[in-house]
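Structure assessment
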Amino acid sequence: MFIIRWILGRIILLLNFIFTPAKRRRSVTEQSEIDIQTQSLRLYQYKACPFCVKVRRVMHSQSININTIDAKQTDHKQVLENEGGKVQVPCLRIEENEKITWLYESSAIIDYLNKRFA
Ligand SMILES: N[C@@H](CCC(=O)N[C@@H](CS)C(=O)NCC(=O)O)C(=O)O
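Quick caveat: nothing in here was measured; it's all calculated off a predicted structure. (Residues numbered from 1 in each chain as written. Predicted model: local features only at pLDDT ≥ 70, side-chain atom pairs only at ≥ 80, totals over all residues. Heavy atoms only, no water.)

Time to look at the side chain of Arg26. Among the structural elements, Arg26 can be located in the loop between helix H1 (2–18) and helix H2 (28–38). There is no salt bridge for the buried Arg26, and the closest opposite charge comes from Glu30, which lies 4.1 Å off by N-O distance. Of note is the side chain of Arg26, whose polar atom sits 3.2 Å from the side chain of Gln31. In terms of polar contacts, Arg26 uses its side chain to reach the backbone carbonyl oxygen of Gln62, at 2.8 Å. (Helix = DSSP H or I, 4+ residues; strand = E, 2+ residues; numbered from the N terminus. Buried < 20%, exposed > 50% of the residue type's maximum accessible area, 1.4 Å probe, protein only. Lys, Arg positive; Asp, Glu negative; His and termini not counted. Salt bridge = Lys/Arg side-chain N within 4 Å of Asp/Glu carboxyl O. Polar contact = N/O pair within 3.5 Å; in protein donor to acceptor, adjacent residues only side chain to side chain.)

In structure tokens form, the structure reads like this:
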């Protein structure tokens, strides 16, 4: 089972690499404004999870630079479970006005990114 999942993960990464979407181009000023806003976001993810790849592709195509956190690492996984509520990726940690929100579900994350940055 582990081997099959590992192979599927590599295929997903390969296809993602081959069909990398074009990156959105913004003016330097506009991009740096967005980069400032995205500093307060963290994406908890697994490298080869298809739902995480889906979110990362949107980030790439919209030139949204968000720090990614490897939730396979025990310490990060524990933070996700204790603070977010469950171990499920992708999960977007949003820090806004001293309030932290943990947004689960790839479609909800993509909606949020599109509404805020696209
Ligand atoms: N409906 C969710 C599905 C997410 C999902 O199933 N993620 C898997 C990884 S691909 C997960 O977090 N599983 C829990 C675990 O690995 O501990 C979404 O669209 O984000």
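Now for the nonpolar core. Formed by 16 residues in total, the largest nonpolar core has its most connected members in Ile66, Leu92 and Leu113. If you list the elements that add at least two residues to this core, you get strand S1 (41–45), helix H3 (50–61), strand S3 (91–96) and helix H5 (106–117). The element that contributes the greatest number of residues to this core is H5, accounting for five residues. In contact with Leu113, not counting residues within four places along its chain, are Val55, Met59, Ile64, Ile66, Leu92 and Ala118. Ranked by size, the runner-up nonpolar core spans eleven residues in total, among them Cys52, Ile69, Ala71 and Val89. (Core = buried A, V, L, I, M, F, W, Y, C linked by side-chain atoms within 4.5 Å. Contact = heavy atoms within 4.5 Å.)

If you trace the backbone, Cys91 turns up in strand S3. Of the residues examined, Cys91 reaches a relative accessible area of 0% and is grouped as buried. For the pair formed by Cys91 and Tyr44, sequence separation is 47 residues and the distance between their alpha carbons is 5.1 Å. Once residues within four sequence positions are removed from consideration, Cys91 is found in contact with Arg42, Leu43, Tyr44, Leu80, Trp102, Leu103, Tyr104 and Ile109.

Moving on, we come to the packing of H3 against H5. Running from amino to carboxyl end, H3 crosses H5 at an angle of 10 degrees, the nearest separation of the two axes being 9 Å. Judged by the inter-axis angle, H3 sits roughly parallel to H5. On the side of H3, the interface is formed by Phe51, Lys54, Val55, Val58 and Met59, while H5 contributes Ser106, Ser107, Ile109, Ile110, Leu113 and Asn114. Looking at the contact of H3 with H5 residue by residue, the class counts come to seven nonpolar, three polar and one charged. (Axes fitted to C-alpha atoms, helices over the stretch in contact; angles between N-to-C directions. Parallel < 35°, antiparallel > 145°, perpendicular 65-115°, else oblique. Nonpolar A, V, L, I, M, F, W, Y, C, P; charged D, E, K, R; others polar.)

Here we come to the site of the ligand. Surrounding the ligand, one finds Tyr46, Cys49, Phe51, Val87, Gln88, Val89, Pro90, Glu105 and Ser106. At 3.2 Å, a side-chain N or O of Tyr46 approaches an oxygen atom of the ligand. A distance of 2.7 Å separates a nitrogen atom of the ligand from a polar atom in the side chain of Glu105. Contact with the protein chains removes 65% of the 510 Å² of surface that the ligand exposes when unbound. Broken down by class, the residue content of the shell around the ligand amounts to six nonpolar, two polar and one charged. (Near = heavy atom within 4 Å. Areas by Shrake-Rupley, 256 points an atom, 1.4 Å probe, with all protein chains shown as cover.)

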